[in-house]
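# Structural overview for review
Letter by letter, the chains look like this.
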Amino acid sequence: DECSHPVALLFHLLFRVAALTTYLIGYYVTDNFILIFVVCVLLLAFDFWTVKNVTGRLLVGLRWWNDVREDGTSQWVFESRENNSPNPADSYVFWTTLYTFPAAWAVFAILQLLHPAWLCLTVVAVALNMANVIGYTKCDKDAKKRLAGYGQSVLSSGVGQSVVSGILSRGTGGLLRGLMGGGSGAARG
């Protein structure tokens, strides 16, 4: 299937991929943490705004926002387009990236537990991404089933199991080397 909104799809992916790429390149290539932090947070904020206000509406016909009343209380509003039948290609890319990017950032957060500065960056990324996940999951009546299906397919394929076991074996080894003082490479933090 062809996508219905190629420009929206481009921007849906652009800021997400750019933030993750900046983080990975910055972590391994440069020691200028402040620059990487600022650029990543800006890209993550652009991504949050774009997904929340533009691509969610165009690609899957969903919107959410927080409405603050005059008395100071807030109400979350979740909206779905009438007769919502989005383009399958647009919908697939939207939902797949909506769920996979926070998972990737969460893995990086776990790997940064001993590096507080980099952990802070990954926590910001997880928080901004999860806000959209929660908002859109509440908007879409089929989202909970879709999320469960993604989780089952990743775990049943064996890919999820091998990724998790690889991360744990590398992460545990790195943790033990770090605790014993035998770590190599530049310290991050």
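Bear in mind the structure is a predicted one, so any value in this text is a computation, not a measurement.

On a plain count of helices and strands, the chain comes out with six helices and two strands. Secondary structure elements of the chain occur, N-terminal to C-terminal, as α-α-β-β-α-α-α-α. Here the chain holds 189 residues, and 32% of them are scored as buried. Once local pairs closer than 6 in sequence are excluded, the contacts in the chain between residues at least 24 apart make up 71%. Working note: accessible area of the chain is about 11200 Å², and carbon and sulfur atoms make up 65% of it.

Between its first and last C-alpha atoms helix H3 (residues 88-111) spans 34 Å; for 24 residues at 1.5 Å apiece the expected length is 34 Å, and the two agree. Two or three places before Ala89, at the start of H3, stands the capping residue Asn87, its side-chain oxygen 2.7 Å from that residue's backbone nitrogen.

What follows concerns the nonpolar core. Ranked by internal contacts, the top residues of the largest apolar core, which has 16 residues, are Ala19, Tyr23, Cys40, Leu44, Trp105, Trp118 and Leu121. For this core, the secondary structure elements donating two or more residues are helix H1 (6-29), helix H2 (33-60), H3 and helix H4 (116-139). Leu62, Phe94, Trp95 and Tyr136 belong to the second-largest nonpolar core, a separate cluster that totals 14 residues.

So, on to the UniProt feature "transmembrane region" (unreviewed entry) in the chain. As annotated by UniProt and renumbered to match this structure, "transmembrane region" (unreviewed entry) occupies residues 7-27, 33-51, 92-110 and 116-136. Structurally, residues 7-27 comprises 100% helix and 0% strand, and the distance from its first C-alpha atom to its last is 30 Å. Spanning residues 116-136, this segment combines 100% helix with 0% strand, and its end C-alpha atoms are found 30 Å apart.

Now for the packing of aromatic side chains. Across all of its chains, the model carries 16 aromatic pairs by this definition. Relative to Tyr27, the ring of Tyr23 lies with its centre 6.2 Å away and its plane at 25°, an arrangement referred to as stacked. Remark: Tyr27 and Tyr23 occur in helix H1; sequence separation between them is four residues, near one turn of the helix. Here the two residues Tyr23 and Tyr27 agree in accessibility, since each one is buried. Taken together, the aromatic side chains of Tyr23, Tyr27, Tyr28, Phe33, Phe37, Trp105, Phe108 and Trp118 make up a single cluster linked through ring pairs. The lysine or arginine in question, Lys52, covers the ring of Trp64, its NZ or CZ lying 5.0 Å from the ring centre.

The next subject is the side chain of Ser91. Secondary-structure assignment places Ser91 in helix H3. If near-sequence neighbours (up to four positions away) are discounted, Ser91 is found in contact with Leu59, Val60 and Pro86.

Sheet analysis places strand S1 (residues 62-68) next to strand S2 (residues 74-80), joined by seven bridges and oriented antiparallel. Along S2, the bridge assignment pairs Asp67 with Gln75. Connecting the antiparallel pair S1 and S2 is a turn made up of five residues, with Gly72 showing a positive phi of about 95°.

Before going further, it helps to examine H2. Roughly 45° is the biggest bend found in H2, and it falls at Val51. After H2 finishes, the residue Gly61 shows a positive phi value of roughly 70°.

Moving on, we get to the packing of H1 against H3. Close contact between H1 and H3 brings their axes to 11 Å; oriented N to C, the two are set at 15°. In terms of orientation, H1 and H3 fall into the roughly parallel class. In the packing of H1 onto H3, the handedness of the crossing is left-handed. Where H1 approaches H3, its residues Leu9, His12, Leu13, Arg16, Val17, Ala19, Leu20, Tyr23 and Leu24 are matched on the opposing element by Asp90, Val93, Phe94, Thr97, Leu98, Phe101, Trp105 and Phe108. Partitioned by chemical class, the residues of the contact of H1 with H3 number 13 nonpolar, two polar and two charged.

Here is what the cut-offs are and how they apply
Residues numbered from 1 in each chain as written. Predicted model: local features only at pLDDT ≥ 70, side-chain atom pairs only at ≥ 80, totals over all residues. Heavy atoms only, no water. Helix = DSSP H or I, 4+ residues; strand = E, 2+ residues; numbered from the N terminus. Buried < 20%, exposed > 50% of the residue type's maximum accessible area, 1.4 Å probe, protein only. Contact = heavy atoms within 4.5 Å. Areas by Shrake-Rupley, 256 points an atom, 1.4 Å probe, with all protein chains shown as cover. Expected span 1.5 Å × (residues − 1). Polar contact = N/O pair within 3.5 Å; in protein donor to acceptor, adjacent residues only side chain to side chain. Core = buried A, V, L, I, M, F, W, Y, C linked by side-chain atoms within 4.5 Å. UniProt positions renumbered as here; feature names shortened; annotations may be inferred. Phe/Tyr/Trp six-rings, centres within 6.5 Å; stacked < 30°, edge-to-face > 60°. Lys NZ or Arg CZ within 6 Å of the ring centre and 35° of its normal. Pairing = 2+ DSSP bridges. Bend = angle between axes of the 7 residues up to and from the residue. Axes fitted to C-alpha atoms, helices over the stretch in contact; angles between N-to-C directions. Parallel < 35°, antiparallel > 145°, perpendicular 65-115°, else oblique. Left-handed = near helix turned anticlockwise from the far one by under 90°. Nonpolar A, V, L, I, M, F, W, Y, C, P; charged D, E, K, R; others polar.

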